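Below are the chains, spelled out letter by letter.
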Amino acid sequence: MSHTLGIRQAQKQKTRQALLDAALTLLEEQSLSSLGLREVTRAVGVAPTAFYRHFRSTADLGVALVEEALGSLHPMIRTTVSTAGDSGERIARAIELIARHVDAYPAHVRFIARERHGGVQPVREAIQAQLARFAEEVKTELAKDPESAGWNDDDLLMLAHLYVDQMLITASLFLEALEAPQEQRERVTQVAARQLRLISVGRRHWLD
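Worth saying up front: this structure is predicted, and the values here are computed from it rather than measured.

Trainee: Please give an account of helix α8 (residues 121-143) that cites residues and values.
Mentor: A rise of 1.5 Å per residue sets the reference length of α8, with its 23 residues, at 33 Å; its end C-alpha atoms lie 33 Å apart and thus fit the reference within 8%. Among all positions in α8, only Val123, Ala126, Ile127, Gln130, Leu131, Phe134, Ala135, Glu137, Val138, Lys139, Glu141 and Leu142 are buried. Where α8 is buried, its residues contact α4 (58-70), α5 (74-80), α7 (106-115), α9 (153-176) and α10 (182-204).

This is the structure:
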């Protein structure tokens, strides 16, 4: 009996993932608010009623996509602001990590960029909740840095949000340059480095 239940659970998880993958592919060309569950189930080859065994609505599916797109990024986000190395090394490391992630998961990055200010409220809220978690984690890492001596929690959190916002901007720029010549990607890297350096310079003089 337990073996049979295990097979059923594995099949259920497989179908759920297939629905997520199909939705992500369809969302390359449209927003979540215009996505119909019949489109998703047709792409997977299951009956529309099967959708509700996994998700309550397309908004619920969108929230699951947010978790898939952002939930696994917390270690990477912390790494981008690690105190290891000097300022230039940290900036280069952060930009490289962002570029590699965009190259590996362009559909996820495009989904977050589009739906962050999209028309589906639960998805917007899920994205904002993940970004708020990122900011708190970045703040914790920044607090370990000797440069943060004397900073209060509110200012550290403000700085953390600046870094998170800049990471999103950089990811969007790399996404736009995904199929572009190498020269354009290098320009994105240069612009991102200058913007991050500007934040770093402001940080050093914030308490002056």
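Anyway, onward from the coordinates.
Trainee: Which residues make up the environment of Gly150, and what are the values?
Mentor: Along the chain, Gly150 turns up in the loop between α8 and α9. The exposure class assigned to Gly150 is exposed, which follows from its relative accessible area of 67%. For Gly150 and Leu20, which are 130 residues apart along the polypeptide, the C-alpha to C-alpha distance reads 46 Å.

Trainee: With reference to specific residues and values, describe the nonpolar core.
Mentor: Ranked by size, the top nonpolar core spans 59 residues in total, and within it Leu61, Leu65, Val66, Leu70, Phe111, Val138 and Tyr163 carry the most contacts. Broken down by element, the residue count for this core peaks at nine residues, all from α9. Filtering out sequence-adjacent residues up to four positions away, Tyr163 remains in contact with Val81, Val138, Leu142, Leu196, Ile199, Ser200 and Arg203.

Trainee: Can you break down the pattern of salt bridges residue by residue, with the values?
Mentor: Across all of its chains, the model carries 10 salt bridges by this definition. As a salt-bridge pair, Glu141 and Lys144 come within 3.1 Å of each other at their nearest N and O atoms. By relative accessible area, Glu141 is classed as buried at 12%. Arg203 serves as the salt-bridge partner of Glu147, at 3.8 Å between the closest nitrogen and oxygen. On the criterion of sequence distance, the pair formed by Glu147 in the loop between α8 and α9 and Arg203 in helix α10 is long-range, its members being 56 residues apart.

Trainee: Can you explain the packing of aromatic side chains? Please cite residues and give values.
Mentor: Within this structure, the stated rule accounts for three aromatic pairs. Judged by centre distance (5.6 Å) and plane angle (45°), the ring pair of Phe51 and Phe55 falls under tilted. Residue classification places Phe51 among the buried residues on the basis of a relative accessible area of 0%. Note on Phe55: relative accessible area 2%, which makes it buried. Pairwise contacts between aromatic rings join Phe51, Tyr52 and Phe55 into one cluster.

Analysis parameters
Residues numbered from 1 in each chain as written. Predicted model: local features only at pLDDT ≥ 70, side-chain atom pairs only at ≥ 80, totals over all residues. Heavy atoms only, no water. Helix = DSSP H or I, 4+ residues; strand = E, 2+ residues; numbered from the N terminus. Expected span 1.5 Å × (residues − 1). Buried < 20%, exposed > 50% of the residue type's maximum accessible area, 1.4 Å probe, protein only. Contact = heavy atoms within 4.5 Å. Core = buried A, V, L, I, M, F, W, Y, C linked by side-chain atoms within 4.5 Å. Salt bridge = Lys/Arg side-chain N within 4 Å of Asp/Glu carboxyl O. Phe/Tyr/Trp six-rings, centres within 6.5 Å; stacked < 30°, edge-to-face > 60°.

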